[in-house]
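Observations on the three-dimensional arrangement
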Amino acid sequence: MSREQIVPTSSVVFQYPTKTQIEVVKYEYPLGQLFYATSENVFYKTVQDIRVTTPSYILETQTRYSVKTGRQGLSYQYRHNSNNTTRIDPGTTNIIDLYVVDQAYYTAYNNWITDTSNTVTEPDRPTVTELNQKYGEVQNFKMISDAVVLNSVMFKPLFGKKAAPALQGTIKVVKSKNTNASNSEVRSAVLSAMNEYFDINNWNFGDTFFFSELSAYLHAEAGDLVSSVVLVPSDPNMSFGDLYEIKCRPFEIFVNAATADDILVVPALTAEELQISQR
């Protein structure tokens, strides 16, 4: 029975491809230095020639060393803990909740959220059984003691009428003085930029929405059309700024529910437009 042990890369000199080249530089290294001739695939070590008393190094072939492709010196940290939304079986099996975005469900949901004719019905979320049938190969990558439960994503609509009442709001825009675009064109440009901002590829589960970031994006994408952009809650009991930070739960992803009707072009951002007087 034999066992291999990793030798630190720093302990081996491997810049010289042949024994002949190592012979030239061997006295630049201390006695006992290990060399690897890369083109010959042979290890050598310098040993003292016992036939002479003065320092005289001989390159001795080392057959107990071998080369294997890999990496050394990697630092890593392994954490195995759970948050409040993760279930762990106290027995021998870990139940791992895995949340996925099914493409078919996402397409159907996006068709519903952008529909303004009220003719498209909201799709049902895929069940655990349906996801297991579709993505059953995931089970091949778990530990024997684990059980993977596939759950569908929950989308969190913002701003429009299909959002929760507490998350509905109006995007109020002050048009740039340097543009001749109509109000309709401005609203269309803002809505298009918002849809790009809320593209699912830009978000992860459990992210936090900041309106300041959306405002900066709208200024960057439609800066020649707008000079100011604010978000005013639709709920009269809410104050201006209440929707400027919105958090997702760990299994949710934001989606834009605003339509052109939720974008309003105003001449100025007065206290009345900001609903400050209603507080």
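Look above for the structure.
Read on for a plain summary of the structure.

A word on the environment of Arg125
Mapped onto the secondary structure, Arg125 falls in the loop between α2 (103-113) and α3 (128-134). Once the C-alpha coordinates of Arg125 and Tyr109 are considered, the two residues, 16 residues apart in sequence, prove to be 9.0 Å apart. A distance of 3.5 Å separates a polar side-chain atom of Arg125 from the backbone oxygen of Val153.

Quick look at the sheet that holds strand β10 (residues 226-233)
Read across the sheet, 3 strands follow the order β10-β8-β13 without closing on themselves; strand pairing throughout is mixed. One side of each edge strand has no neighbouring strand; the edge strands of this open sheet are β10 and β13 (263-266). The mean angle between the axes of side-by-side strands here comes to 25°, regardless of whether they run parallel or antiparallel. Of the strand pairs in this sheet, strand β8 (residues 169-175) and β10 are connected by 7 bridges, and their pairing is antiparallel. Pairing of Val173 across the sheet is with Val229, part of β10. Contacts from helix α4 (residues 183-197) reach β8, β10 and β13 within the one sheet, and its direction differs from that of β13 by about 135°.

Concerning the pairing of strand β12 (residues 252-256)
Of all 5 residues making up β12, 5 are buried, and the element is well covered by its neighbours. Burial of the side chains of β12 extends over both faces: Glu252, Phe254 and Asn256 are buried on one face and Ile253 and Val255 on the other. Summarising the sheet, strand β7 (residues 154-158) and β12 pair through 5 bridges and their orientation is parallel. Bridge pairing in β12 places Lys156 opposite Phe254.

Reading the values: rules and limits
- Residues numbered from 1 in each chain as written.
- Predicted model: local features only at pLDDT ≥ 70, side-chain atom pairs only at ≥ 80, totals over all residues.
- Heavy atoms only, no water.
- Helix = DSSP H or I, 4+ residues; strand = E, 2+ residues; numbered from the N terminus.
- Polar contact = N/O pair within 3.5 Å; in protein donor to acceptor, adjacent residues only side chain to side chain.
- Pairing = 2+ DSSP bridges.
- Axes fitted to C-alpha atoms, helices over the stretch in contact; angles between N-to-C directions.
- Contact = heavy atoms within 4.5 Å.
- Buried < 20%, exposed > 50% of the residue type's maximum accessible area, 1.4 Å probe, protein only.

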